[in-house]
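Notes for the structure review
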Amino acid sequence: METILSVFLGVGLAASVGFRVFLPLFALSLAAYFNVWELNESWLWIGSTTAVITLGIATLVEIVAYYIPIVDNALDTIAIPLATIAGTAVMVSTVADLSPVITWALAIIAGGGTAAAVKSSAGITRAGSTVSTAGFGNPIVSTIETGSSIVMSIVSIFLPILAILFVLFIFYIIYKVYKKIRPSSS
């Protein structure tokens, strides 16, 4: 059961990474620091005081940067590969009691894939907001993304079973929106 919960935690945090790269890492760092979650042996450093402070500062800088016009769209450009890497990292750091091959396969596919899918959708949303509102709607999008990342991070850490349900719901919404905006082939 611990292994399944650790996978759910990793997938939930990976989805959260799709909204904000550093915030879930900061949340995981705090969870490790306060012994809420035990991480893999090679990832214990993420619960150190230095990691908590560094990730806390990076989180604040990232959140503020998304409220600066033009910078927000530039961040989305580099955030997709960063989110993929961070999603893979949170998955590797949380998965317990699996062989390294299975852990890395899960991390790349479920962690990196989830983060990339959510970040790509968020980037498209921001681009749509920029075009349709001349960027004036982007602070609202930023606030929703940050709030979603906070909620997903907290739920992932404290209720991983609920987090996986949230991730499935997010994928359902992404699918429905994609079907709606995709040009029909008729």
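Residues numbered from 1 in each chain as written. Predicted model: local features only at pLDDT ≥ 70, side-chain atom pairs only at ≥ 80, totals over all residues. Heavy atoms only, no water.

With respect to the overall build of the protein
As a reminder, the rule being used: Strands are runs of DSSP state E lasting at least 2 residues, helices are runs of H or I lasting at least 4, and numbering of each runs from the N terminus. Accessibility here uses a 1.4 Å probe with only protein chains present; expressed as a share of the type maximum, an area under 20% marks a residue as buried, one over 50% as exposed, and anything in between as partly exposed.
Of the regular secondary structure elements, the protein holds 7 helices and 0 strands. Written out in order from the N terminus, the α and β elements of the protein read α-α-α-α-α-α-α. Principal-axis analysis of the C-alpha atoms places the extent of the protein at approximately 50 × 40 × 25 Å. Taken over 186 residues, the protein has a buried fraction of 46%.

Some remarks on the environment of Asn 73
Worth spelling out the cut-off: Contacts: residue pairs with any heavy atoms within 4.5 Å of one another.
Tracing the backbone through its elements, the reader meets Asn 73 in helix H4 (residues 71-94). Overall, Asn 73 belongs to the partly exposed group, its relative accessible area being 26%. Setting aside its immediate chain neighbours within four residues, Asn 73 contacts Arg 126, Ala 127, Thr 130 and Asn 138.

Observations concerning a positive patch on the surface
Going by this rule: Patch building starts from residues that exceed 30% relative accessible area and form no salt bridge, then joins like charges within 9 Å and nonpolar side chains (Val, Leu, Ile, Met, Phe, Trp, Tyr) within 5 Å. Residue burial considers only the protein chains on display, and all accessible areas are found by Shrake-Rupley using a 1.4 Å probe. The working definition used for a salt bridge is a side-chain nitrogen of Lys or Arg within 4 Å of a carboxyl oxygen of Asp or Glu. Only four residue types enter the tally: Lys and Arg on the positive side, Asp and Glu on the negative side; His and the chain ends are excluded. Charge placement uses NZ in Lys and CZ in Arg. For Asp and Glu, CG and CD serve respectively.
A cluster of basic side chains, namely Lys 176, Lys 179, Lys 180 and Arg 182, defines a positive patch on the protein surface. Position of Lys 180 relative to the elements: it lies in helix H7 (residues 160-181). Overall, the relative accessible area of 74% leaves Lys 180 in the exposed class.

Quick word on the side chain of Arg 20
Tracing the sequence through the fold places Arg 20 in the loop between helix H1 (2-17) and helix H2 (22-33). Once you skip the residues sitting within four places of it in the chain, Arg 20 turns out to touch Glu 62, Tyr 66, Lys 119, Arg 126, Ser 142, Glu 145, Thr 146 and Ser 149.

Looking at helix H6 (residues 138-158)
Keep this limit in mind: Multiplying one less than the number of residues by 1.5 Å gives the expected span of a helix.
For H6, which comprises 21 residues, the first-to-last C-alpha distance of 30 Å matches the rise-based estimate of 30 Å (1.5 Å per residue) to within 8%. Every buried residue belonging to H6 is among Asn 138, Val 141, Ser 142, Glu 145, Thr 146, Ser 149, Met 152, Ser 153, Val 155, Ser 156 and Ile 157, and all of these are buried.

Describing unusual backbone geometry
Phi at Asn 35 takes a positive value of approximately 60°, unusual for a residue other than glycine. Within the element layout of this structure, Asn 35 appears in the loop between H2 and helix H3 (49-65). Here Asn 35 falls in the exposed class, since its relative accessible area comes to 67%.

Things to note about the packing of aromatic side chains
Note the following rule: Pairing of aromatic side chains requires ring centres within 6.5 Å, counting the rings of Phe and Tyr and the six-membered ring of Trp. Pairs whose planes differ by under 30 degrees are stacked, by over 60 edge-to-face, and all others tilted. Charge-over-ring placement is defined geometrically: NZ (Lys) or CZ (Arg) within 6 Å of the ring centre, and within 35 degrees of the ring normal.
For the coordinates displayed, the defined rule picks out 2 aromatic pairs. With centroids separated by 5.0 Å and ring planes inclined at 90°, the aromatic side chains of Tyr 33 and Phe 34 adopt a geometry described as edge-to-face. A residue is classified by how much of its surface remains accessible, and Tyr 33, at 38% relative accessible area, is partly exposed. Given the relative accessible area of 57%, Phe 34 is considered exposed. Above the plane of the ring of Tyr 66 lies Arg 20, whose end atom (NZ or CZ) is 3.9 Å from the centre.

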